[in-house]
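# Notes for the structure review
One letter stands for each residue in the lines below.
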Amino acid sequence: MIDKININQIPDPRQVGDGPSQNRPKPAVNDQADATLQIDFGRLIEQAINTPPAQSDAVQKARELLESGQLDNPANIKEAAENIIKFGL
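Please read these numbers as outputs of a predicted model, since none were measured by experiment.

In this section: the overall build of the chain. A count of helical and extended segments in the chain gives three helices and zero strands. Shown N-terminal to C-terminal, the secondary structure of the chain runs as helices and strands in the order α-α-α. Across the 89 residues that make up the chain, the buried fraction comes to 0%. Just so you have it, the chain exposes about 9,200 Å², and 57% of that area is on carbon and sulfur atoms.

Time to look at a nonpolar patch on the surface. A contiguous nonpolar surface patch, about 670 Å² in accessible area, is contributed by Leu37, Ile39, Phe41, Leu44, Ile45 and Ile49. Following the sequence through the fold, Ile45 ends up in helix 1 (residues 42–49).

What follows concerns the confidence of the model for the chain. Overall, the prediction assigns the chain a mean pLDDT of 76, with 72% of residues at 70 or greater. The weakest mean pLDDT in the chain belongs to helix 2 (residues 54–68) at 79; the strongest belongs to helix 3 (residues 74–87) at 88.

Its 14 residues place the ends of helix 3 20 Å apart at the C-alpha level, agreeing with the 20 Å of an ideal helix rising 1.5 Å per residue. In the segment just after helix 3, Gly88 is the residue with positive phi, at about 85°.

Reading the values: rules and limits
Residues numbered from 1 in each chain as written. Predicted model: local features only at pLDDT ≥ 70, side-chain atom pairs only at ≥ 80, totals over all residues. Heavy atoms only, no water. Helix = DSSP H or I, 4+ residues; strand = E, 2+ residues; numbered from the N terminus. Buried < 20%, exposed > 50% of the residue type's maximum accessible area, 1.4 Å probe, protein only. Areas by Shrake-Rupley, 256 points an atom, 1.4 Å probe, with all protein chains shown as cover. Patch = residues over 30% accessible without salt bridge, like charges linked within 9 Å, V, L, I, M, F, W, Y side chains within 5 Å. Salt bridge = Lys/Arg side-chain N within 4 Å of Asp/Glu carboxyl O. pLDDT = per-residue confidence, 0-100. Expected span 1.5 Å × (residues − 1).

Written out as structure tokens, the structure reads:
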């Protein structure tokens, strides 16, 4: 199979200027190109404003549990450490 390869078909990369690549027209450069990124943050701001208060309720409940001492007892600390080892952070 190797003996069927015509080595004359393989161009010599050392020869510059020969070959069909020199005959190709160069593409026109568009000087009017605009590469700026345009983003509308209005939708994201609207979503942030309309975020439901569920997260703030969870934060408030966690704060109350911490202040009451229900979360920082030895059993809960051990369970949290086991979950960190088991599931990661």
